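Structural overview for review
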Amino acid sequence: MIPLCEPLLNGHEWTYIKECLDTNWISSAGKYVDRFEQEVAARTGAAQAVAVSSGTAALHLALLAVGVQPGDAVLVSSLTFIASANAVAHCGAFPLFVDAEPEYWQMDPAGVQDILRHSVPGAAGPVDRRTGRRIAAIVPVHLLGHPVDLNPILAIARDYHVPVVEDACEALGAKYRGRAAGTFGDLGCLSFNGNKLITTGGGGMVLTNNAEYAQRVRHISTQARASTTEYIHDAVGYNYRMTNIAAAMGCAQLEQLDRYIQTKCRIAERYNNAFAAQPGIEPMREADWADSTWWMYTIRVLPETFGLSARELSAHLREQGIATRCLWEPLHRSRAFPNCSAWRGETAERLFNQCLSLPCSVSLSEANQSRVIQTITAGEKE
Ligand SMILES: *Cc1c(COP(=O)(O)O)cnc(C)c1O
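Scope of this entry: the structure provided in the associated data block. Being a predicted model, the structure only gives us computed values, none of them experimental.

**Details of the packing of aromatic side chains**
Tallied over the entire structure, the rule returns ten aromatic pairs. The lysine or arginine in question, Arg225, covers the ring of Tyr231, its NZ or CZ lying 3.9 Å from the ring centre.

**Points about the packing of helix 3 (residues 55–65) against helix 7 (residues 211–221)**
Where helix 3 contacts helix 7, the two axes come as close as 9 Å, and the packing angle between them is 125 degrees. When the axis of helix 3 is compared with that of helix 7, the two are oblique. Crossing of helix 3 over helix 7 shows right-handed handedness. Contact residues: helix 3 offers Leu61, Leu64 and Ala65, while helix 7 offers Tyr213, Arg216, Val217, Ile220 and Ser221. Partitioned by chemical class, the residues of the contact of helix 3 with helix 7 number six nonpolar, one polar and one charged.

**Some points on the site of the ligand**
Taken together, the neighbourhood of the ligand is formed by 16 residues, with Thr56, Asp167, Glu170, Ser191 and Lys196 sitting nearest. Contact distances for the ligand include 2.5 Å between an oxygen atom and a side-chain N or O atom of Thr56. Starting from 370 Å² of accessible surface for the ligand in isolation, the protein chains cover 93%. Elements with a minimum of two residues in the shell around the ligand: helix 3 and helix 4 (83–90). Among the elements that line the shell around the ligand, the one with the most residues is helix 3, at three residues.

**Quick word on the environment of Ala123**
Assignment of secondary structure puts Ala123 in the loop between strand 4 (120–122) and strand 5 (125–127). Ala123 gets classed as exposed once you look at its relative accessible area, which sits at 92%. Residues Ala123 and Arg179, 56 residues apart in the sequence, show an inter-C-alpha distance of 34 Å.

**Considering the packing of helix 3 against helix 4**
The geometry of helix 3 relative to helix 4 is characterised by a closest axis approach of 9 Å and an angle of 45 degrees between their N-to-C directions. In terms of orientation, helix 3 and helix 4 fall into the oblique class. The crossing of helix 3 and helix 4 is right-handed. Every residue of helix 4 that contacts helix 3 at Thr56, Leu59, His60 and Leu63 is listed here: Ala83, Ser84, Ala87, Val88 and His90.

**Examining the side chain of Thr375**
Mapped onto the fold, Thr375 is located in helix 13 (residues 366–377). Relative accessible area serves as the criterion here: at 9%, Thr375 is assigned to the buried category. Among the polar contacts listed, one links the side chain of Thr375 to the backbone oxygen of Arg371, at a separation of 2.5 Å. Once residues lying within four places of it in the same chain are set aside, the contact partners of Thr375 are His316, Leu317, Gln320 and Ile322.

**Notes on the sheet that holds strand 2 (residues 73–77)**
Across the sheet, which stays open at both edges, the four strands sit in the order 6-2-3-16 with parallel pairing between neighbours. Among the strands making up the open sheet, the edge pair consists of strand 6 (135–139) and strand 16 (341–343). Put simply, the sheet's adjacent strands are angled 25 degrees from each other on average, direction ignored. As defined by bridge partners, strand 2 adjoins strand 6 across four bridges and the pair is classed as parallel. In the sheet register, Leu75 faces strand 6, and the bridge partner there is Ile138.

**Things to note about helix 7**
Taken as a whole, helix 7 has its buried residues at Tyr213, Ala214, Val217, Ile220 and Ser221. The arc enclosing the buried residues of helix 7, seen along the axis, measures out at 140 degrees, which places them on a common side. Measuring from the backbone nitrogen of Glu212 back to the side-chain oxygen at the start of helix 7 gives 2.8 Å, which picks out Asn210 as the cap. Looking one or two residues past helix 7, Gln223 carries a phi angle of roughly 60 degrees, positive in sign.

**Focus on the pairing of strand 3 (residues 94–98)**
One face of the sheet, then the other: side chains in a regular strand alternate in exactly this way. In terms of residue burial, strand 3 counts as a mostly covered element, since four of its five residues are buried. Assessed by its sense of winding, the connection that carries the chain from strand 2 through helix 4 to strand 3 is right-handed. The pairing of strand 3 with strand 16 spans three bridges and is classified as parallel. Within strand 16, the residue paired with Leu96 across the bridge is Ser341.

**Things to note about the side chain of Asp128**
Mapped onto the elements of the fold, Asp128 is located in the loop between strand 5 and strand 6. Summary of buried charges: Asp128 has no salt-bridge partner, and the nearest side chain of opposite charge, Arg130, is 5.0 Å away. Among residues more than four places away in sequence, those in contact with Asp128 are Leu96, Ile115, Arg133 and Ile135.

**Observations concerning the pattern of salt bridges**
Here the structure, examined in full by the defined rule, presents twelve salt bridges. Arg35 serves as the salt-bridge partner of Glu255, at 3.2 Å between the closest nitrogen and oxygen. Pair noted here: Glu255 is in the loop between helix 8 (244–254) and helix 9 (257–275) and Arg35 is in helix 2 (residues 31–44), with a separation of 220 residues, a long-range link. Taking relative accessible area as the criterion, Arg35 reaches 25% and is therefore assigned partly exposed. Between Arg333 and Glu349 there is a salt bridge; the shortest N-O distance is 3.9 Å. Pair noted here: Arg333 is in the loop between strand 15 (325–326) and strand 16 and Glu349 is in helix 12 (residues 346–354), with a separation of 16 residues, a long-range link. With a relative accessible area of 38%, Arg333 lands in the partly exposed category. Each of Arg35, Glu39 and Glu255 takes part in a single network of salt bridges with overlapping partners.

Definitions and cut-offs
- Residues numbered from 1 in each chain as written.
- Predicted model: local features only at pLDDT ≥ 70, side-chain atom pairs only at ≥ 80, totals over all residues.
- Heavy atoms only, no water.
- Phe/Tyr/Trp six-rings, centres within 6.5 Å; stacked < 30°, edge-to-face > 60°.
- Lys NZ or Arg CZ within 6 Å of the ring centre and 35° of its normal.
- Axes fitted to C-alpha atoms, helices over the stretch in contact; angles between N-to-C directions.
- Helix = DSSP H or I, 4+ residues; strand = E, 2+ residues; numbered from the N terminus.
- Parallel < 35°, antiparallel > 145°, perpendicular 65-115°, else oblique.
- Left-handed = near helix turned anticlockwise from the far one by under 90°.
- Contact = heavy atoms within 4.5 Å.
- Nonpolar A, V, L, I, M, F, W, Y, C, P; charged D, E, K, R; others polar.
- Near = heavy atom within 4 Å.
- Polar contact = N/O pair within 3.5 Å; in protein donor to acceptor, adjacent residues only side chain to side chain.
- Areas by Shrake-Rupley, 256 points an atom, 1.4 Å probe, with all protein chains shown as cover.
- Buried < 20%, exposed > 50% of the residue type's maximum accessible area, 1.4 Å probe, protein only.
- Pairing = 2+ DSSP bridges.
- Arc of directions from axis to C-beta.
- Right-handed = clockwise from strand over helix to strand, strands pointing away.
- Lys, Arg positive; Asp, Glu negative; His and termini not counted.
- Salt bridge = Lys/Arg side-chain N within 4 Å of Asp/Glu carboxyl O.

Below you can see the structure in the form of structure tokens.
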């Protein structure tokens, strides 16, 4: 089976992790945690980085840091991995889902503008007209390694004084107008889950240029402990810290990030060239304001032209030993969020029906990629 997207661990992972075990620094403090935070901050240009146990934890902490309260509304993409919206629910707040735009499949800035322009002013911020909930934050999600068009979202967020938390869990290394995704909002969140561009097994990071937010995130991620020597706490906190073992792996992975991105771009270019002449297959595109990492290479399959639907093509590829995956069920349709409010959603639904992610591991061989391409382009004729 050619896998969809596997991690590659052939750098200093063993050496750094062995050092943690040999020195007994295995838990949620240690030099690799500090080093990983510093190196991710340096790499992205964020002033502060706080290592945590997952991307979901990063989002939860970031939303708490900007003051999301139970009963609030938070604007989130409908087309995203459910963790983006789960973090909102973990705050006791309610996601208000925004449709994708059809060009690059990212959160549609027009939806964010529409919702805020129709909001009514409240004592603690704009109130969503339909749900009566305070709009407490906006979560633009950078999907598949490609950044959201942030400027229009940041502009309206500033006008209405609504904080922005970027979900950059899929977008480490991606750039929006030359600057790292995850460094534009009040806070940004990264994931180092096993399927992401670099991995710590499981882990995440909160980025921010605001020292107070960083301090707040660090504090609540460590059970809100108010003393370094005594067990005295000043709030209800969480155990969301990253372990030194995970951070050691992260340091080793980060050393290879540039090479991984180059490889992802090369894989994407080969696919793009191969599908350019294939009717009914439309590859994901890169906006002129974007440097995509092409983290998860995805195509749109147009059944009328191609002859097979995305799910039929997926089944055909599986028979040939090729793993693929459809995009996420749009969250405004998810059973996890019944009675949720949403701004449109037809584009997200169409992309859910038509999109298919193809094998794009950093370790994907040219021969295996050729097999994927040939199986797809020969698909209808077999
Ligand atoms: C992976 C991912 C997350 C969550 O990260 P975990 O580390 O798995 O908790 C959040 N949002 C998006 C868009 C993701 O792809």
